[in-house]
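This is what each chain is made of:
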Amino acid sequence: MSRESLKSLASRTARQPWGLWWTQAERVVQIEIRRSLFSWRAGWVYFLAYVPTLIIFLHTIVDRHPPGAISEDTKVLAGIIQLYYIRLGIFFGCLGIFSRLIRGEMMERSLHYYLLSPVRREILLLAKFVAGSINAVLLFGSAVLANFALIYAAFGAAGRDYVFSGPGLNQLFAYLLVTVLACLGYGAVFLLLSMIFRNPAPAAMLVLGWEALNPVMPEILQRISVASYLRHLMPVSVATEGLFALLTVETEPVSAWAAAAGLLMVIAVVLIYSCYRIRSIEIRYTTE
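Residues numbered from 1 in each chain as written. Predicted model: local features only at pLDDT ≥ 70, side-chain atom pairs only at ≥ 80, totals over all residues. Heavy atoms only, no water.

1. Brief notes about the nonpolar core
Quick note on the threshold: The set of buried Ala, Val, Leu, Ile, Met, Phe, Trp, Tyr and Cys residues whose side-chain atoms join them within 4.5 Å is what this entry labels a nonpolar core. In this scheme, a residue with accessible area under 20% of its type's maximum is buried, one over 50% is exposed, and one in between is partly exposed, where area comes from a 1.4 Å probe on protein chains only. Under the DSSP-based scheme used, a helix requires at least four consecutive residues in state H or I and a strand at least two consecutive residues in state E, with every element numbered from the N terminus. In this description, contact between two residues means that some pair of their heavy atoms is separated by no more than 4.5 Å.
Core analysis: the biggest nonpolar cluster contains 79 residues, and Tyr-85, Ile-90, Phe-98, Tyr-175, Tyr-186, Phe-190 and Leu-230 have the highest contact counts within it. Among the elements that make up this core, the one with the highest residue count is helix α4 (residues 70-107) (17 residues). The contacts of Tyr-186, once residues within four sequence positions are left out, are Ile-86, Ile-90, Phe-91, Cys-94, Glu-211, Val-226 and Ala-227.

In structure tokens, the structure reads:
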């Protein structure tokens, strides 16, 4: 690219109304957070987020917790996050949160109010994605934090020593990072599916099957999966047992930063294509 082309591109970029776009996006984010996070319809998403917290709380007050059991409970917590939250809780929670942002408003016959307003469709889409991500991260991030606190609070002084003088804080940071990336990854996928399909649920089931079978696929296909990147970020590994362990394809170890960067690139590609799709979206309420 020549120097004149770079100057022309920089000039066009500088002339864009960035301040207006930021203000519009901020308003849309505020509206969507109030509508989704504090709605009675979000009750089942709260249930998905906090049902393990209730189980851990009962375990805390009923069972005994000798100091030697910290390693066992650490593996239990890792299993809850990797096998429940990543595979089920966050998956279906994001399906409910992000599918409603576009397809839900089309079904409620309210999306046209946004589309008729002087807001670029790309700004609208990205603002809705940010709002859905904030909702999902607040719900599931707070649940993971509560689970972590309950697990080690039951051990008293031994638990505090594990958290503040041992590997506990690093594990908590890793769990929260995994939760955030899972919400962003599944959120971007389901936001796109809600624009492609009138009913995104069947497509979501195909995604769920792909995520479940992904460990037995070749390494190159494992990269087309949210859970495959998150697996490299888990601070405590959860061993796979039985026949599934024999079929699992072991991949080369990937650093945490490389896994996070790879997933962020996948999210960016999905969002760019979603911005392209929303330009041609049409509202036909007679057929919705």
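2. Thoughts on the packing of aromatic side chains
Short version of the rule: Note on ring pairs: Phe, Tyr and Trp rings are taken, using the six-membered ring of Trp, and paired if centres are within 6.5 Å. Classes follow the plane angle, with under 30 degrees stacked, over 60 edge-to-face and the rest tilted.
Taken as a whole, this structure holds 10 aromatic pairs when the rule is applied. Ring geometry for Phe-91 and Phe-92: centres 5.2 Å apart, planes at 75°, overall edge-to-face. Exposure remark for Phe-91: the relative accessible area of 1% places this residue in the buried category. Here the aromatic residues Phe-91, Phe-92, Tyr-186 and Phe-190 are joined through ring pairs into a cluster of three or more.

3. Quick notes on the side chain of Ser-225
Definition in use: As used in this structure description, the phrase polar contact means that two N or O atoms lie within 3.5 Å; if the pair is within protein, one of them must be able to donate a hydrogen and the other to accept it, and residues adjacent in sequence are counted only when both atoms belong to side chains.
Following the sequence through the fold, Ser-225 ends up in the loop between α10 (219-222) and α11 (226-231). Owing to a relative accessible area of 6%, Ser-225 belongs among the buried residues under this scheme. Polar side-chain contacts of Ser-225 include one of 3.4 Å to the backbone nitrogen of Ala-227.

4. A short note on helix α8 (residues 168-196)
Since one α-helical turn is 3.6 residues long, residues separated by three or four positions face the same way. The line we're drawing: Expected helix span is taken as 1.5 Å per residue step, with the number of steps being one fewer than the number of residues.
Its 29 residues place the ends of α8 42 Å apart at the C-alpha level, agreeing with the 42 Å of an ideal helix rising 1.5 Å per residue. Counting buried positions along α8 gives 21 out of 29 residues, so the element sits mostly inside the fold.

5. Here we look at the pattern of salt bridges
For clarity, the threshold we go by: Only one rule defines a salt bridge in this text: a Lys or Arg side-chain nitrogen within 4 Å of an Asp or Glu carboxyl oxygen.
According to the stated counting rule, one finds 6 salt bridges in the structure shown. Between Lys-128 and Glu-32 there is a salt bridge, with its nearest N and O atoms 3.0 Å apart. With Lys-128 in helix α6 (residues 121-153) and Glu-32 in helix α2 (residues 18-37), this residue pair connects regions lying 96 residues apart in the sequence. Judged on exposure class, the residue Lys-128 and its partner Glu-32 are both buried. Among the ionic pairs, Glu-105 bridges to Lys-128, the shortest N-O distance being 2.6 Å. With Glu-105 in helix α4 and Lys-128 in helix α6, the pair connects residues that are 23 residues apart, well separated along the chain. Pair check on accessibility: Glu-105 and Lys-128 agree, each one buried. Overlapping salt bridges bring together Glu-32, Arg-35, Glu-105 and Lys-128 as one network.

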